[in-house]
Amino acid sequence: MTETQWWGNDPYWTDALDNISQAREDGGRFVTIDLAKLEDVIYKSDGPAYRLLEAMKSVDEHEGYDGYRGAPRLVLALLWRLQEYTEE
C-alpha cells in the first residue's frame, strides 16, 4: 500500500487556508458559491471533489495520532476554493 502525500504539503490547500484566514482577519464572514458555475468544475477528475478525497485520505493516514485535525481545515479550504472557482 502506498502512502498518500500529506495534504499540508500541497499549496492547493495551504494557499486556500492562508487566503481564508486573511479574509477572516480582515472581517470577512461569508463565502459565496454560485452553484450553477460550480457544475463545470465539480465533476472533473482533477477538480475539488477528488482533490478533497485524496486530502482526506492523507488526514486518515497521517493525522490519526493528532485527532484528525486537518479535516476541518480542509473543509474551510474547500469552501474557499469553491468560491474561487465560481468567481472565475
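The coordinates are above.
Read on for a plain summary of the structure. Being a predicted model, the structure only gives us computed values, none of them experimental. Each chain carries its own residue numbering, running from 1 in the direction its sequence is written. Local features in this predicted model are restricted to residues whose pLDDT is 70 or higher, and side-chain atom pairs enter the listing and the counts only when it is 80 or higher, whereas totals over whole chains, interfaces and linings include all residues. The side-chain quantities take in all heavy atoms of the structure and omit both hydrogens and water.

**Looking at the nonpolar core**
Consideration 1: Nonpolar core, defined: a set of buried Ala, Val, Leu, Ile, Met, Phe, Trp, Tyr and Cys residues in which side-chain atoms within 4.5 Å join the residues together. Buried, partly exposed and exposed residues are distinguished by accessible area as a fraction of the type maximum, computed with a 1.4 Å probe on protein chains only: under 20%, between the cut-offs, and over 50%, respectively. Counting 17 residues, the largest nonpolar core has W7, W13 and L74 as the members making the most contacts within it.
Consideration 2: Listed by contribution, the elements that provide at least two residues to this core are α1 (11-25), α2 (35-42), α3 (48-62) and α4 (70-87).
Consideration 3: It is α4 that provides the largest number of residues to this core, a total of six residues.
Consideration 4: Throughout, a residue-residue contact means that at least one pair of heavy atoms, one from each residue, lies within 4.5 Å. In this structure W7 touches W13, T14, L17, A55, S58, V59, E63, G70, R73 and L74, once residues within four positions along its chain are discounted. Put simply, DSSP H or I for four residues or longer makes a helix, DSSP E for two residues or longer makes a strand, and each gets a number counted from the N terminus.

**So, the packing of α1 against α4**
Consideration 1: Running from amino to carboxyl end, α1 crosses α4 at an angle of 85°, the nearest separation of the two axes being 8 Å. Between α1 and α4, the crossing angle belongs to the class labelled roughly perpendicular. In this structure, α1 contributes P11, Y12, W13, D15, A16, L17, N19, I20, A23 and R24 to the contact, and α4 contributes R73, L74, L76, A77, L78, W80, R81, E84 and Y85.
Consideration 2: Here the residues of the contact of α1 with α4 sort into 13 nonpolar, one polar and five charged. The axes are straight lines fitted to the C-alpha atoms, using for helices just the contacting stretch, and the angles between their N-to-C directions are given from 0 to 180°. Roughly parallel means an angle under 35 degrees; roughly antiparallel, over 145; roughly perpendicular, 65 to 115; everything else is oblique. As a working rule, the residues Ala, Val, Leu, Ile, Met, Phe, Trp, Tyr, Cys and Pro are called nonpolar, Asp, Glu, Lys and Arg charged, and the rest polar, with Gly in that last group.

**Let's talk about a nonpolar patch on the surface**
Consideration 1: Nonpolar side chains (Val, Leu, Ile, Met, Phe, Trp, Tyr) within 5 Å and like charges within 9 Å form the patches, drawn only from residues with over 30% relative accessible area and no salt bridge. Here, Shrake-Rupley sampling with a 1.4 Å probe gives the accessible areas, and only protein chains in the shown set may cover a residue. The term salt bridge refers to a pairing of a side-chain nitrogen on Lys or Arg with a carboxyl oxygen on Asp or Glu at a separation within 4 Å. A cluster of nonpolar residues, V31, V75, L76 and L79, forms a patch on the protein surface that exposes about 260 Å² of accessible area.
Consideration 2: In this structure, V75 sits in helix α4.
Consideration 3: For V75, a relative accessible area of 41% puts it in the partly exposed group.

**Side note on the environment of E61**
Consideration 1: When you line up the elements, E61 lands in helix α3.
Consideration 2: By relative accessible area, which is 36% here, E61 ends up partly exposed.
Consideration 3: A C-alpha to C-alpha distance of 7.3 Å links E61 and T4, two positions 57 residues apart in sequence.
Consideration 4: Side-chain polar atoms of E61 contact the backbone nitrogen of T4, separated by 2.7 Å. Polar contact is the term for a pair of N or O atoms within 3.5 Å; when the atoms are in protein, one must be able to donate a hydrogen and the other to accept it, and sequence-neighboring residues count only if both atoms are side-chain atoms.

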